[in-house]
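# Close look at the chain arrangement
Chain residues, written in single-letter form:
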Amino acid sequence: MRKNILKRALSVLALLAFSVFLPIGGEVSNAGTIESTDVLVDYNYQTLTVNTDEDKIIYYTDVYSEDYTKWYTCEVVDKKAVFDISWVKSSVTVRLYLRGDVNETVINKDITWQENLAVTFAGSLRATDITEAKEWKAVYAAYPNFDESTGYFLFTLKAKGRATSYFDLANIEWRKGDAGTWRSFSELNPKEMYIKGITLNFRVKATNDALVTKNGATSINDGTRTSSIAKITMAKLANAPQAKVDFSGMTLDIRNGLEYSLNKSEWILCPLYSKNGNVDTMFVTDSYRTDAISLIRSTVRVTRAGLYEVLNLPLNTRFTYAAVSAAGNYNYYYDEAGTTPLGITLYVRTASTEKKAASKIREIEIPFVDASRSIPAADKVSAEFLSTMSFAGSCIVKNESDDETYQFAAVPLSLYADKTKVDVSDRAVKWITLKPGKTTKITQNDDFYIIYRYPGTTESLPSSYVYTETFSPEHTITFAKINATNFKVGTKLAYTTSTNINTEELTVTWQKCEDVTADQPVWTNITTGQTYTLTDAELNCHIRVVLTNSYGSKKTSEDVGPVVQ
């Protein structure tokens, strides 16, 4: 224990002695000392200059030793000693120790470590996930060579373990490859780089030490090295991607990493997606932007974006020139004479990433529909539930037209409560084609209504849709039967109805007919009630039961009889 205490005491004394010999901060007031303002670093040329009127030799080292014969020397010429510091490590701050042959007191000079510059590529500054996108947009307002078609370089500087955005582009230098001349950022035009592609190097330029005088006192502003070099590869402009409009499904079928535009000026990344790749049906909104880099790196898959939202049109818009022209800023394509607009041009390209600019553009023509076929008549599709006791929501849908083919979809009320706002591109909306006079069977166990339209073709959009009244399985009586095995006077009659109906809400009316073979049989009400016992008044008559409820549903059973004694 005594040895450890003695060892610590000697260490403290040695440290105090060393501190007296090496002045803190490189400045002393004693005679025979080089002043800190006499030591200047030129980081551009990587030299250190010591100005001295008395010394002939300057000694310097980065490893302190009291044996000055181990130090490096530099001859003073014209009162200056200039020596190279390119050998000084860039990854750490290095302290140099200096003294003269006359000014023997040792001073020190810190050569600061090199800050780490990083660069990424952003195709658009509208992306919500770009850190400080608003600030970057303001910075690039001063650089006309950059816009949405070229993308933007975003810089971060890492110092003392913390990375921050570096907005001072006036201090950024760039060069082509590893051997080009360093040039100012304002001279960079990305459009010149996309023909064949190129690797660009960036760095923050060096700042030299500088003397400043304020209130009669001279001090030094310490300079900095150049930052580390950040590299980014700009690939040549890629070919236009594949994308198409599904005219029947009213969707833009587009894979991850692509974006679209209606006017070649504002580009929207499409589609929205989940990073785990589980969602491939979604809707595009104007305000949403996401990370193009993440999209490219995720699983490539075809995704479907609703065409009404892609075209920025209200749902169920009649896609005619009159309706569309008033709705937004579109680019149209015209007839051969160039006078009549035939439809909208939709533009699709591959979005920019950290290594690539946006691709060439694919143009997709979306034609207007014939105004006369924009919407069908309102009574051309009917539906009727099948007569079954064990109700399964089955009904028959019929095309009432003699010459028109329609598409229809049964839409649950729980999916779109407002019938006027059905998104026809939703995969939950199942479209079925129905030819003139034909029927088809569907099953719906929840309240639903039917929408129908003229179908689209491979080259034209379908019409807007029409909707029917709401059909309610829970409120619809589909089955009525008299439950009895004989029809003698005194027999108690009951009824059976469909299993979906609440029998407590039913009105049960018993009827009789004296001659069911007549051209127009006359049915007379006997009574109402859950059961009825036959009397002599029904002798030789046929009996039936009529079930109704407060929702307007009605079902009449087949007649039974005749009633016998």
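These lines cover the structure that appears in this document, whether it is placed above or below.

Parameters and conventions
Residues numbered from 1 in each chain as written. Predicted model: local features only at pLDDT ≥ 70, side-chain atom pairs only at ≥ 80, totals over all residues. Heavy atoms only, no water. 1 Å grid on protein atoms, 1.4 Å probe; cavity = no way out; pocket = protein on both sides within 12 Å on 5 of 7 lines; lining within 4 Å. Points joined across faces, edges and corners; volume = space filled by probe spheres on them. Nonpolar A, V, L, I, M, F, W, Y, C, P; charged D, E, K, R; others polar. Pairing = 2+ DSSP bridges. Helix = DSSP H or I, 4+ residues; strand = E, 2+ residues; numbered from the N terminus. Axes fitted to C-alpha atoms, helices over the stretch in contact; angles between N-to-C directions. Disulfide = S-S within 2.5 Å. Buried < 20%, exposed > 50% of the residue type's maximum accessible area, 1.4 Å probe, protein only. Polar contact = N/O pair within 3.5 Å; in protein donor to acceptor, adjacent residues only side chain to side chain. Contact = heavy atoms within 4.5 Å. Salt bridge = Lys/Arg side-chain N within 4 Å of Asp/Glu carboxyl O. Phe/Tyr/Trp six-rings, centres within 6.5 Å; stacked < 30°, edge-to-face > 60°. Lys NZ or Arg CZ within 6 Å of the ring centre and 35° of its normal.

### Looking at empty space enclosed by the protein
Within this structure, the stated rule accounts for 1 cavity of 30 Å³ or more. In this structure, the largest cavity occupies an estimated 50 Å³ of space. For the largest cavity, the full set of lining residues is Met250, Tyr308, Asn316, Val424, Arg453, Pro462, Ser463, Ser464 and Tyr465. Along the lines of polarity and charge, the residues of the lining of the largest cavity split into 5 nonpolar, 3 polar and 1 charged.

### Section: the sheet that holds strand β35 (residues 507-513)
In space, the 4 strands of this open sheet follow the order β36-β35-β38-β39, with antiparallel pairing throughout. The sheet is open, and its two edges are formed by β36 (524-528) and β39 (554-556), each paired on a single side. On average, each strand axis in the sheet is inclined to that of its neighbour by 25°, with strand direction left out of account. Where strand β38 (residues 542-548) meets β39, 3 bridges bridge the pair, whose relative direction is antiparallel.

### A look at the state of the cysteines
In protein structure, a disulfide is the covalent linkage between the sulfur atoms of two cysteines. Overall, the coordinates contain 0 disulfides when judged by the stated rule. Cysteine Cys513 shares no disulfide, and the gap to the nearest cysteine sulfur, in Cys541, comes to 7.5 Å.

### Digging into the sheet that holds strand β8 (residues 116-122)
With antiparallel pairing, the 3 strands of this open sheet are ordered in space as β8-β9-β10. In the strand order of this sheet, the two ends are held by β8 and β10 (162-165), each with one partner. Strand-to-strand twist across the sheet, computed as the mean angle between neighbouring axes with direction ignored, equals 30°. Two strands pair when backbone bridges link them, and strand β9 (residues 152-159) and β10 are joined in this way by 4 bridges, in the antiparallel orientation. Bridge pairing in β10 places Lys158 opposite Ala163.

### Remarks on the pairing of strand β3 (residues 57-61)
Most of β3 is tucked away, with 4 of its 5 residues classed as buried. As defined by bridge partners, β3 adjoins strand β4 (residues 72-75) across 4 bridges and the pair is classed as antiparallel. Paired with Ile57 across the two strands is Glu75, which belongs to β4. Two strands pair when backbone bridges link them, and β3 and strand β6 (residues 94-100) are joined in this way by 4 bridges, in the antiparallel orientation. In the strand pairing of β6, Tyr60 is matched with Leu98.

### Let's talk about the side chain of Glu538
Along the chain, Glu538 falls in the loop between β37 (532-533) and β38. Among the polar contacts listed, one links the side chain of Glu538 to the backbone nitrogen of Thr535, at a separation of 2.7 Å. When near neighbours in sequence (up to four residues on either side) are disregarded, Glu538 contacts Lys512, Ile526, Tyr532, Thr533, Ile543 and Val563.

### Observations regarding the pattern of salt bridges
By the definition in use, this model includes 10 salt bridges. In this structure, Glu104 engages Arg99 in a salt bridge whose closest nitrogen and oxygen atoms are separated by 3.9 Å. Notably, a salt bridge pairs Asp222 with Lys109, separated by 3.3 Å at the nearest N-O pair. Of the two residues, Asp222 is situated in the loop between β15 (217-221) and β16 (230-235) and Lys109 in strand β7 (residues 107-111); the sequence distance between them amounts to 113 residues. Residues joined in a network through salt bridges with shared partners are Lys109, Asp209 and Asp222.

### Observations concerning unusual backbone geometry
With an omega of 5°, the peptide bond between Gly561 and Pro562 qualifies as cis. Structurally, Pro562 can be placed in the segment after β39. Positive phi, close to 55°, is recorded for Gln46, a residue that is not glycine. Here Gln46 lies in the loop between β1 (39-42) and β2 (47-51). For Gln46, a relative accessible area of 37% puts it in the partly exposed group.

### Digging into the packing of aromatic side chains
Tallying each qualifying case throughout the model produces 28 aromatic pairs. Centre to centre, the rings of Phe185 and Phe202 are 6.4 Å apart; their planes meet at 45°, and the pair counts as tilted. Here Phe202 lies in strand β13 (residues 197-204) and Phe185 lies in the loop between β12 (183-184) and β13, a separation of 17 residues in the sequence. Each member of the pair, Phe185 as well as Phe202, carries the same accessibility label: buried. Three or more aromatic residues joined by ring pairs make a cluster, and in this case those are Phe121, Trp136, Tyr140, Tyr143, Phe146, Tyr152, Phe153, Phe155, Phe167, Phe185 and Phe202. Just above the ring of Tyr68 sits the side chain of Arg99; from NZ or CZ to the centre is 4.1 Å. Positioned over the ring face of Trp182 is Arg203, at 4.1 Å from the centre of the ring.

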